[in-house]
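Summary of structural features
If you want the building blocks of each chain, they are given just below.
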Amino acid sequence: MIRAEKCRLIYNEGTCALETFDLEINRGENVLIVGPSGSGKTSLLKLVMGMAYPTEGKFAVLGQNISKDQSKAIRKLRTQIGPIFQDFRLLSGRSVLDNVVLGMRFLSFSQSEMKVSATEAIERVGLGHKIHHDIDRLSWGECQRVAIARAISRKPKLIVADEPTGNLDEENAINVLKLLTSLSDSETTVLITTHATHLVKHVNATKVLTMNNGIERCVAMHEEL
Amino acid sequence: MKNFKNTLYYISEVKTILKINGLSTLLSLASLVLIFFVTLLTLTGWWLSHEVIQGIKSEAEVSVYFKKDLNSYALDALKESIEKIEGVNLVTFVTQDEAYEAMASILGEEAKVLNHFNENPFEAYFEIGITLEHRQSVLEAINSLQNVASIRDNREILDTLERISRFIMIIALVLSIAVGVTTFIITSHIIREGVNAHRDQINTLQLLGAPNRFIRMPFLMEGTLISVMSGVFSVMLYFLFIMAMRPMVSGVFPFWPLINMHAITQTIGAVVIFSSMILGGVASVFGLNQISEM
């Protein structure tokens, strides 16, 4: 699913975001990436999304090498990923349904399949009663749920969530993490970054990556516990 | 069906983009309408002058006035001599009364000015149909004939009209190029504004894996729509203008009714609308080039 060999990421201005690391994440895993701000969590997700390219070594997602000369293939790879951005990146002035459907319009869904999949996803995140509401009238937590619905409605092979607990209180943060980890199955892998290390014990993850200017530790959840 | 599944989405996106860039779009549209309108008028001017010249040329007639008091034998002899000249197609004798009627017919409603004359002011003459390429030799041959008082041909008028027509054509050409460039700049600028206003949305779609054609289509439609709307509005304005001007102009130029204005205005209108569509599309593609891989 995700494989890194002697991978290193240095940004153009010279900042070393990720020291050399190896990594293997398999299909169906539920992976938590924890660490303080600036530890490289988002940089790792940027590599996964093809928004950054490894300076050294190899990095592959769903069998696709992430490198500068693969931009077209990376665009295609993204259609198999369900991203949940820290700032959600929802389109204002549109309804919940429109936002969710937008993530599927260019995929191989028919018009009716899009509507069914979007409605199911919106109901799954508990927003069925607000399906036609304008996105601008929703709370922060509700917007996050819409972003999650947009990600899962695409039936992706990989769900990537960047700091989904960012602005939530502990109870809501745990609920969101539980919701996200419940999305993994034999076909879908879930990758979540969070700086809230104290929440890890509440979540049923298969693997935890501890970051500190690169991957410091990578352990299976049961070992951590 | 798959290709059409996003049509409604594209249309709704175009509406949103137009709404967000409202005032700027409106001003650009107004500028384009005026530019197209001026071009339409210039093209019409050129076409009309061309038509008039062609009309006059096709007649290619020379009027030969003879010395007064010639008897019928002398007139017949003169007619016969003219008919023998190479390049002369037809020689018709026009009496004083016929000359008067011809002028009254040309002047139409203005013919009442002829009533001010106590007697017929026109002279009898020979109307000679010639082939254009023999114009010079025919004129020289007629000039050398006895009993010829004067010759009047429309060469000078034709030459002047041709010069005016060439001048209008150059202006129309320059203006058309200027309009093309201006439309291109304005439309691609509108697209750039739209792209900048929607940078976050574009970036999100790219991160979701949307192909370029999906991202660009609403902007392409927006640019083409604005350009075509400008073309259509300018043509409507142009038709209204022509309708309003026609009665005034036809009083000044008696030959005006002979020109098929419908054909001219409709052809020029269609050309401008078609050009506006092509220009809008090309300029939009150019403006969209700034959406790069992110």
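Residues numbered from 1 in each chain as written. Chains lettered and ligands numbered in written order. Predicted model: local features only at pLDDT ≥ 70, side-chain atom pairs only at ≥ 80, totals over all residues. Heavy atoms only, no water.

1. Some thoughts on the sheet that holds strand β4 (residues 56-61) of chain A
Residues and elements named next belong to chain A. Pairing in this open sheet of four strands is antiparallel, and the strands run β2-β1-β4-β5 from one edge to the other. The outermost strands of the open sheet, each flanked by one partner alone, are β2 (16-25) and β5 (64-65). Direction of pairing for strand β1 (residues 2-10) relative to β4: antiparallel, over a ladder of five bridges. Following the sheet pairing, E5 is matched in β4 by K58. Those strands touched by helix α1 (residues 41-49) are β1, β2 and β4, and its axis lies near 60° from that of β2. (Pairing = 2+ DSSP bridges. Helix = DSSP H or I, 4+ residues; strand = E, 2+ residues; numbered from the N terminus. Contact = heavy atoms within 4.5 Å. Axes fitted to C-alpha atoms, helices over the stretch in contact; angles between N-to-C directions.)

2. Side note on the environment of A118 of chain A
Residue and element names in this part refer to chain A. On the secondary structure map, A118 appears in helix α4 (residues 111-124). Sequence separation of A118 and V101 is 17 residues, and the distance between their C-alpha atoms is 5.9 Å. Setting aside residues up to four positions removed in sequence, A118 forms contacts with L97, V100, V101, M104 and S153.

3. Examining the confidence of the model for chain B
Scored by pLDDT, chain B has a mean of 82; 91% of the residues are at 70 or more. Ranking the helices and strands of chain B by mean pLDDT puts helix α3 (residues 72-84) of chain B first, with 90, and helix α6 (residues 155-197) of chain B last, with 79. (pLDDT = per-residue confidence, 0-100.)

4. Quick notes on the pattern of salt bridges
Any two side chains of opposite charge can pair if their charged atoms end up close together. All names here are of chain A. Applying the stated criterion across every chain yields a total of eight salt bridges over all chains. Of the charged contacts, one joins R3 and E24 as a salt bridge, the two residues approaching to 2.6 Å between their closest N and O atoms. Pair noted here: R3 is in strand β1 and E24 is in strand β2, with a separation of 21 residues, a long-range link. Its relative accessible area of 38% is what places E24 among the partly exposed residues. (Salt bridge = Lys/Arg side-chain N within 4 Å of Asp/Glu carboxyl O. Buried < 20%, exposed > 50% of the residue type's maximum accessible area, 1.4 Å probe, protein only.)

5. As for the packing of aromatic side chains
A full pass over the atoms with the stated rule returns 14 aromatic pairs over all chains. For the pair F66 of chain B and F93 of chain B, a centre-to-centre distance of 6.0 Å together with 25° between the ring planes defines the contact as stacked. Taken together, the residues F66 of chain B in strand β1 (residues 61-66) and F93 of chain B in strand β2 (residues 88-94) connect sequence positions 27 residues apart. An aromatic cluster is built from F106 of chain A together with Y9, Y10 and F214 of chain B, whose rings are joined through pairwise contacts. Sitting above the plane of the F85 of chain A ring, R89 of chain A keeps its charged end 5.2 Å from the centroid. (Phe/Tyr/Trp six-rings, centres within 6.5 Å; stacked < 30°, edge-to-face > 60°. Lys NZ or Arg CZ within 6 Å of the ring centre and 35° of its normal.)

6. A word on unusual backbone geometry
A positive phi angle, near 45°, is found at K6 of chain A, a position not held by glycine. Turning to its location among the elements, K6 of chain A is positioned in strand β1. Of note in this structure, D69 of chain B is not a glycine but carries a positive phi near 65°. Note that D69 of chain B resides in the loop between β1 and α3.

7. Regarding the interface of chain A and chain B
Each partner contributes residues to the interface: chain A has 22 residues there, and chain B has 21 residues. Here chain A packs against chain B, burying approximately 1900 Å² in sum over the two surfaces, 54% of which is carbon and sulfur. Among the residues of chain A in contact with chain B, R75, R105 and F106 of chain A are the three that bury the most area, contributing 36% of the side total. Counting the contacts that link chain A with chain B gives one salt bridge. Counting across the chain A and chain B interface gives eight residue pairs in polar contact (both at pLDDT 80 or more). Secondary-structure elements contributing two or more residues to the side of chain A that touches chain B are α2 (71-78) and α4 of chain A. Per-element tally for the side of chain A that touches chain B: the top contributor is α2 of chain A, with three residues. (Buried area = accessible area lost by both parts, 1.4 Å probe. Polar contact = N/O pair within 3.5 Å; in protein donor to acceptor, adjacent residues only side chain to side chain.)

8. What about the environment of L18 of chain A?
Residue and element names in this part refer to chain A. Looking at the element boundaries, L18 is found in strand β2. A residue is classified by how much of its surface remains accessible, and L18, at 0% relative accessible area, is buried. The spatial distance from the C-alpha of L18 to the C-alpha of V48 is 13 Å, given a sequence separation of 30 residues. For L18, the residues in contact, after removing those within four places along its chain, are R8, L9, G40, S43, L44, L47, M211, N213 and G214.

9. Some points on the pairing of strand β3 (residues 30-34) of chain A
All names here are of chain A. With five of its five residues buried, β3 lies for the most part within the structure. Of the two faces of β3, both are covered, the one formed by N30, L32 and V34 as well as the one formed by V31 and I33. Inspection of the sheet shows β3 paired to strand β8 (residues 189-194) by five bridges, in the parallel sense. Note on β8: the bridge partner recorded for I33 is T193. Examined bridge by bridge, β3 and strand β9 (residues 207-211) share four bridges and lie parallel to one another. Bridging across to β9, L32 finds its partner in V208.

10. Digging into the side chain of E29 of chain A
Residue and element names in this part refer to chain A. Structurally, E29 is set in the loop between β2 and β3. For E29, the side chain forms a polar contact with the main-chain nitrogen of N26, separated by 2.6 Å. Looking at E29, its side chain comes within polar contact range of the side chain of K207, at 3.2 Å. Non-local contacts of E29, meaning those with residues more than four positions away in its chain, are made with E24, S184, T188, T189, V190, T206 and K207.

11. With respect to the state of the cysteines
Following the criterion strictly, the structure yields zero disulfides over all chains and no others. In this model C7 of chain A remains outside any disulfide bridge; the closest cysteine sulfur is found in C16 of chain A, 11 Å from its own. (Disulfide = S-S within 2.5 Å.)

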